Amino acid sequence: MDSRTQILVQLADFLVGTTAKLYEEKVSGNVRDSFLSFIQNRRIRIDEWPPKFETELAANNSSTDIDSKISTISLLRASEFLRNNFNSSDPEIEIQYATLSYLLFCARFPSGKTFTSTNEILEHLKNQGFHEITKQYLRSNIIAKLRDHDVVIASSTKGYKIPSSYSDMIGFADLVDGIAIPLLSRLKKAAEIFDLGSIGEVKFLNEQRFQNLQAIIKNMK
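Residues numbered from 1 in each chain as written. Predicted model: local features only at pLDDT ≥ 70, side-chain atom pairs only at ≥ 80, totals over all residues. Heavy atoms only, no water.

*Asks:* Any details on the packing of helix α4 (residues 91-108) against helix α5 (residues 118-127)? Residues and values, ideally.
*Replies:* Their axes nearest at 10 Å, the elements α4 and α5 cross at an angle of 120 degrees. Of the possible angle classes, the one that applies to α4 and α5 is oblique. Viewed along their axes, α4 and α5 form a crossing whose handedness is right-handed. Between α4 and α5, the contacting residues are Ile-95, Ala-98, Thr-99, Tyr-102, Leu-103 and Cys-106 on the first element and Glu-120, Ile-121, His-124 and Leu-125 on the second. For the contact of α4 with α5, the per-class residue count stands at 7 nonpolar, 2 polar and 1 charged. (Axes fitted to C-alpha atoms, helices over the stretch in contact; angles between N-to-C directions. Helix = DSSP H or I, 4+ residues; strand = E, 2+ residues; numbered from the N terminus. Parallel < 35°, antiparallel > 145°, perpendicular 65-115°, else oblique. Left-handed = near helix turned anticlockwise from the far one by under 90°. Contact = heavy atoms within 4.5 Å. Nonpolar A, V, L, I, M, F, W, Y, C, P; charged D, E, K, R; others polar.)

Listed below in structure tokens is the structure:
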């Protein structure tokens with residue numbers, strides 16, 4: 001097909017060529033940001049072939065050596081999952097793969113935003129053909145399972161991201177601390193109330209399945 005007579009082919013050539021320049025870092029930051037802002041809500045996805053699992057995450061001028069180490073470790077973990085599951089036919093793994101690939105893309109080209117919102121991830125998955133994915137499923141069967149596979153994903157009230165700095169992990173720890181510690185403290189208090197009120201007869205945390213939970217609670221101040 002002669003692109004000189006086909007306007008849509010010319011447009012496709014332009015978009016692909018511009019995207020390639022972004023990946024090859026041949027354009028300035030301002031041009032990159034403008035293009036990403038323009039295409040953000042107009043593209044379905046960007047496929048890279050052959051797949052390149054190891055790349056660099058976006059850095060800023062204030063990055064430190066610790067930030068660099070966190071970025072590198074996070075990237076290696078994510079890349080390992082993608083490499084190991086590239087040809088997986090497991091439907092759940094395919095959704096995890098699509099989600100992680102998108103988070104990595106957002107990490108490389110942040111376009112002014114730090115975290116990728118839950119709604120944006122769900123919209124991306126829908127465009128990829130994964131319909132009817134709920135927020136709860138995203139949390140429990142995608143993000144949580146990726147973390148179980150040693151992929152490091154930081155989260156906040158704003159969404160998710162592949163961590164690239166010490167502050168990302170501090171923020172993630174703050175989020176967990178604000179949710180988990182109060183819940184554990186209340187559970188510990190409830191266990192003590194029933195233990196005291198029943199004169200030692202009600203000790204529900206002594207159930208075999210709560211061994212790890214009991215160990216954590218015993219070490220709480």
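*Asks:* Outline the packing of α5 against helix α6 (residues 135-148), supporting the account with residue identities and numerical values.
*Replies:* Across the interface, α5 lies against α6 with an axial gap of 10 Å and an inter-helix angle of 85 degrees. With respect to their mutual orientation, α5 and α6 come out roughly perpendicular. Facing α5, whose interface residues are Thr-118, Asn-119, Ile-121, Leu-122 and Leu-125, α6 presents Lys-135, Leu-138 and Ile-142. Its residues placed into classes, the contact of α5 with α6 shows 5 nonpolar, 2 polar and 1 charged.

*Asks:* Outline the confidence of the model for the chain, listing residues and values.
*Replies:* Predicted confidence across the chain gives a mean pLDDT of 84, with 78% of residues reaching 70 or more. For the chain, per-element mean pLDDT is lowest for helix α2 (residues 29-39), which scores 68, and highest for α6, which scores 96. (pLDDT = per-residue confidence, 0-100.)

*Asks:* Break down unusual backbone geometry for me, with residues and values.
*Replies:* A positive phi angle, near 60 degrees, is found at Glu-132, a position not held by glycine. Within the secondary structure, Glu-132 sits in the loop between α5 and α6. For Glu-132, a relative accessible area of 76% gives the class exposed. The residue Ile-199 is not glycine, and still its phi comes out positive at about 55 degrees. (Buried < 20%, exposed > 50% of the residue type's maximum accessible area, 1.4 Å probe, protein only.)

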